[in-house]
Amino acid sequence: MKRIKILLTGVGGQGTLLVSRLIGEAALMEGVPVSLSEIHGMAQRGGVVESTVMLGGIEGPIISEGEADILAGFEPLETFRALKYCSTETVIITNTAQTPPLTVKIGMEAYPDTQTWFDFMKRTFPTIYACDAHELALKAGSAQAANMVLLGILMGAGLMPISSSCMMENIKTKTKLCLAAINIKAFEMGMEIASS
Amino acid sequence: MHELLEDKPGKKALLLGNEAIVRGAMEAGLAVSAAYPGTPSSEIGNSLSGIARDQSSGLYFEFSINEKVAMELTAAAAACDLRSLTCLKHVGLNVASDVLVTLAYIGVKAGMVIVCSDDPSLHSSQNEQDNRAYARLADLPMLEPSSPHEAKEMAKEAFEISETLGLPVILRTTTRTSHVRGPVEYGRLPESKKTRGLFQKDPERWVAIPTFAKPRHKVLADQMKKAERLSTSSRFNWKNGCGKTGIVASGASACYVADAIHDLNCAKDVTFLRLGFTYPHPRDLIAGFLKDMEKVLVVEELEPFQELAIKAIAQEEGLAVPIYGKDGKDGGYLPRLYEFTPQQVRNAIARLLGLDIKRSGLPDLSGLPELPRRLAGLCQGCPHAQTYGAVKEALKELDIEKDTICPTDIGCYLIGVLPPIQMGDYLICMGSSAGTAMGFSVATDRKVVSFIGDSTFFHAGIPPLINAVYHGHRFCLVIMDNSITAMTGHQPNPGTPEHDRRRVSIEQVVRGCGVKNLVKINPYKKRESIDTIKTVLAKDELSVIISEAPCVLHAKRMEGKK
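Here's the deal with the overall build of chain A
- Within chain A one finds eight helices and six strands.
- Taken from N to C terminus, the helices and strands of chain A fall in the order β-α-β-β-β-α-β-α-α-β-α-α-α-α.
- Against the compact-globule benchmark of 16 Å for 196 residues, chain A has a radius of gyration of 16 Å, which places it among compact chains.
- The principal-axis extents of the C-alpha atoms in chain A amount to approximately 45 × 40 × 35 Å.
- For chain A, the proportion of its 196 residues judged to be buried stands at 60%.
- Total accessible area on chain A is roughly 7400 Å²; 54% of this is exposed by carbon and sulfur atoms.
- Across chain A, the 15 positively charged side chains and the 19 negatively charged ones have centroids separated by 4 Å.

Rendered as structure tokens:
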């Protein structure tokens, strides 16, 4: 079975851990060897939250620099920061909606010029999916569903050894009941972006 | 019913390493457990706490005031023939080490497991000490899982080993085994278990006075000889392959080795000795392994714990096989600091075998603009931020802001060290804000204002406060009381209102310690707080300010649960 290393990165509260958990559960249901890793504790207080999903029989839980097969960045600054984990073959999925860090909010540091970074990414990586997941999630019904848009792209990009139907079943049963319909809608929007 | 109590043998669940340990313990019939929370071990206590709420689980669990108390409680339960478990983070074992080392002499009747979670790379800790050293210091058996499923199996078997030997067993994880989520196959839960213990008095066994303890050390040494035979024959220690290059690893390192062997396609060239029952060192197994090898690489994070033992075994066996590991005479294959990356391990193995590594092209990230940091911050509306703001303003108005020394402590509020608050000048460990304040007050003429949270105050802040009263030390202790142990995930402490516990008032404790200058503030009432703080600080004596306001994150979560 093909071995796939996925790095998810974002900011506390964006639901990166939920996404990795959903992939993990779906993989388990479909008999794909899987392990996930999470960092808990202080990082969750507004810091960077990284998690990994390892598919296909990889034992180690972390990804070395230059070795991610897929990078899913839930916030552009965090996508940029995680580029060191990418090779020139890495597929990149990124949210373009910004969540400025505190140091930027209080004027200590500046948010980077995103155009420079995105131009660099376009020159360097063959496959990039970038979208404003926040806006799409709002269209789907809730800003909280931005993570589902990105999960939709990930599933729609045809890289995963897991079926979309299984994933949708998971979203319906394993995410908050009041959000399930919105989550599915957001997920489908993501799938559509990946296929267009 | 708690998901970890599902009686479905064969079911595969995606569990965190920490949850898997809990499942294993429940399958082993765990009856009594106590712990103080500490990342990366926190979810063990959280899960046990959830299980214990279910009466039918037959489990007693509490979040104790500190690790030492938790270990004492569980040790005595195991002496009463009930299976018990305590869990802690690596530095928590420092607190409980006074118990650990002598507990090894008196031992246990029923199985007792001490889960210790290390944190290489300091993801959420103040140091990255290698607690395998405690297994050797106390001379106790140790198991180290490398996956959630193995964690479950080991937790279960640890109780058997503990009972066989009459000794507590250390189950050591690291962040990368505690916080990995993977498939775990459920086994059977016991149909019934003992929940009432029986203590058989036997002072020569249980009372560690010199006369009785001396022969007990001999008992420990004898039992650990038996333990060595158990580790040599353990199913958790196994060899794979028949190449002439030996690799030894355990825990997360074993995962990186397995992946590297796959990636380098070098299975035929190596023999991989995977160790799970890591102390006592499986001497005969290692000796037999070394005899067949031309060279050996030991892959382990932090200290050269296995490496030095293996080198000693080789010396005793008269074997000249080169053994490589940490930075030594030969340059070293692997670093001693921080957790490994898979790449470091792969490179070390490739170098040992003289293999070239094919790598994909790397992006050239040089010349790109620098990125702003994303530091951890206090939550929006957090009362700690208000308290810091009020103290800062009071110091400013007294014109002593720059000169004041602010020892801080372990909890969410240590984020106050970072911008924008930037208050916090000294921190060692739990409770050190109060202890070190005395040193600053003795050694300088500066004003000293220390910050400590409610849980940390209960844990280790009370003895220094009594000491300060008795010796007349002059400093101000600000107790930031949000009535919960917030940073590790909102565990209760003696100051937490819980329907079935009798809450202990911090104010009464402080008064009971003999503190005269004590005030309470509501940090959200800013002007009032500043004025109160100024009055307190105007006097050159020991004072305590209790800043009382609930954790907003916890309040929000409780609201959500309603």
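Side note on the interface of chain A and chain B
- The interface is formed by 57 residues belonging to chain A together with 52 residues belonging to chain B.
- Contact between chain A and chain B buries roughly 4600 Å² in total, counting both sides, with carbon and sulfur atoms accounting for 62%.
- Here chain A and chain B share seven salt bridges between them.
- The closest approach of N and O atoms between Arg374 of chain B and Glu78 of chain A, which form a salt bridge, is 2.6 Å.
- At the boundary of chain A and chain B, one finds 19 residue pairs in polar contact (both at pLDDT 80 or more).
- Among the secondary structure elements, those contributing two or more residues to the side of chain A that touches chain B are helix 1 (16–29), strand 2 (34–38), helix 2 (76–81), strand 5 (86–95), helix 3 (102–105) and helix 4 (114–124) of chain A.

A look at the packing of aromatic side chains
- The final tally for this structure, using the stated rule, is 10 aromatic pairs over all chains.
- Centre to centre, the rings of Phe61 of chain B and Phe63 of chain B are 4.9 Å apart; their planes meet at 90°, and the pair counts as edge-to-face. An identical accessibility class is assigned to Phe61 of chain B and Phe63 of chain B; each is buried.
- Seen in terms of ring centroids, Tyr426 of chain B and Phe440 of chain B are 5.0 Å apart; in terms of plane orientation they differ by 85°. Their pairing is edge-to-face. Taken together, the residues span a long stretch of sequence, with Tyr426 of chain B in the loop between helix 14 (383–397) and helix 15 (432–443) and Phe440 of chain B in helix 15 at a distance of 14 residues.
- Each member of the aromatic cluster is reached from another via a ring pair, and the members are Phe80, Trp117 and Phe118 of chain A.

Re the layout of surface pockets
- What the second largest pocket holds in volume is close to 1000 Å³.
- Surrounding the second largest pocket, 38 residues form its lining, Ile39, Val48, Glu50 and Tyr85 of chain A together with His123 of chain B being those nearest its centre.
- Of all the secondary structure elements, the ones that give two or more residues to the lining of the second largest pocket are strand 2 and strand 3 (48–55) of chain A.
- Taken together, the residues of the lining of the second largest pocket sort by class into 19 nonpolar, 10 polar and nine charged.

Considerations on the environment of Glu89 of chain A
Residues and elements named next belong to chain A.
- Summarising the element assignment, Glu89 is placed in strand 5.
- Assessed through its relative accessible area of 56%, Glu89 is described here as exposed.
- Along the chain, Glu89 and Asp69 lie 20 residues apart, while their C-alpha atoms are 7.3 Å from each other.

So, the packing of helix 7 (residues 164–174) of chain A against helix 8 (residues 180–195) of chain A
All names here are of chain A.
- Orientation of helix 7 relative to helix 8, taken along the N-to-C sense of each, is 155°, at an axis distance of 9 Å. The pairing of helix 7 with helix 8 is recorded here as roughly antiparallel in orientation. As helix 7 runs across helix 8, the sense of the crossing is right-handed. Residues Ser164, Met167, Met168, Ile171 and Lys172 of helix 7 pack against Ala180, Asn183, Ile184, Phe187, Glu188 and Met191 of helix 8.
- Of the residues in the contact of helix 7 with helix 8, the class split is seven nonpolar, two polar and two charged.

Remarks on the confidence of the model for chain B
- In the predicted model, chain B carries a mean pLDDT of 96, and the fraction of residues at 70 or more is 99%.
- Note on the complex model: pTM 0.97, ipTM 0.95.

Observations regarding unusual backbone geometry
Residue and element names in this part refer to chain B.
- Here the amide bond leading from Thr39 into Pro40 is cis, since omega sits at 15°, within 30 degrees of zero.
- Tracing the chain through its elements places Pro40 in the loop between strand 2 (32–35) and helix 2 (42–52).
- The linkage connecting Tyr279 with the following residue, Pro280, adopts the cis geometry, with an omega of 0°.
- For Pro280, the location among the structural elements is in the loop between strand 12 (277–279) and helix 11 (283–291).
- Residue Asn265 is not a glycine yet carries a positive backbone phi of 55°.

As for a nonpolar patch on the surface
- There is a patch of nonpolar side chains on the surface, built from Leu102, Ile106 and Met108 of chain A and spanning about 250 Å² of accessible area.
- In this structure, Ile106 of chain A sits in the loop between helix 3 and helix 4.

A short note on the pairing of strand 6 (residues 128–131) of chain A
Residue and element names in this part refer to chain A.
- Along strand 6, the buried face is formed by Tyr129 and Cys131; none of Ile128 and Ala130, which line the opposite face, is buried.
- In the sheet, strand 5 pairs with strand 6 via four bridges, with the strands oriented parallel. Within strand 6, the position partnered with Thr94 by the bridge is Ala130.

What counts and what doesn't
- Residues numbered from 1 in each chain as written.
- Chains lettered and ligands numbered in written order.
- Predicted model: local features only at pLDDT ≥ 70, side-chain atom pairs only at ≥ 80, totals over all residues.
- Heavy atoms only, no water.
- Helix = DSSP H or I, 4+ residues; strand = E, 2+ residues; numbered from the N terminus.
- Rg over C-alpha atoms; globule rule 2.2 N^0.38 Å.
- Buried < 20%, exposed > 50% of the residue type's maximum accessible area, 1.4 Å probe, protein only.
- Areas by Shrake-Rupley, 256 points an atom, 1.4 Å probe, with all protein chains shown as cover.
- Lys, Arg positive; Asp, Glu negative; His and termini not counted.
- Charge placed at Lys NZ, Arg CZ, Asp CG, Glu CD.
- Contact = heavy atoms within 4.5 Å.
- Buried area = accessible area lost by both parts, 1.4 Å probe.
- Salt bridge = Lys/Arg side-chain N within 4 Å of Asp/Glu carboxyl O.
- Polar contact = N/O pair within 3.5 Å; in protein donor to acceptor, adjacent residues only side chain to side chain.
- Phe/Tyr/Trp six-rings, centres within 6.5 Å; stacked < 30°, edge-to-face > 60°.
- 1 Å grid on protein atoms, 1.4 Å probe; cavity = no way out; pocket = protein on both sides within 12 Å on 5 of 7 lines; lining within 4 Å.
- Points joined across faces, edges and corners; volume = space filled by probe spheres on them.
- Nonpolar A, V, L, I, M, F, W, Y, C, P; charged D, E, K, R; others polar.
- Axes fitted to C-alpha atoms, helices over the stretch in contact; angles between N-to-C directions.
- Parallel < 35°, antiparallel > 145°, perpendicular 65-115°, else oblique.
- Left-handed = near helix turned anticlockwise from the far one by under 90°.
- pLDDT = per-residue confidence, 0-100.
- Patch = residues over 30% accessible without salt bridge, like charges linked within 9 Å, V, L, I, M, F, W, Y side chains within 5 Å.
- Pairing = 2+ DSSP bridges.

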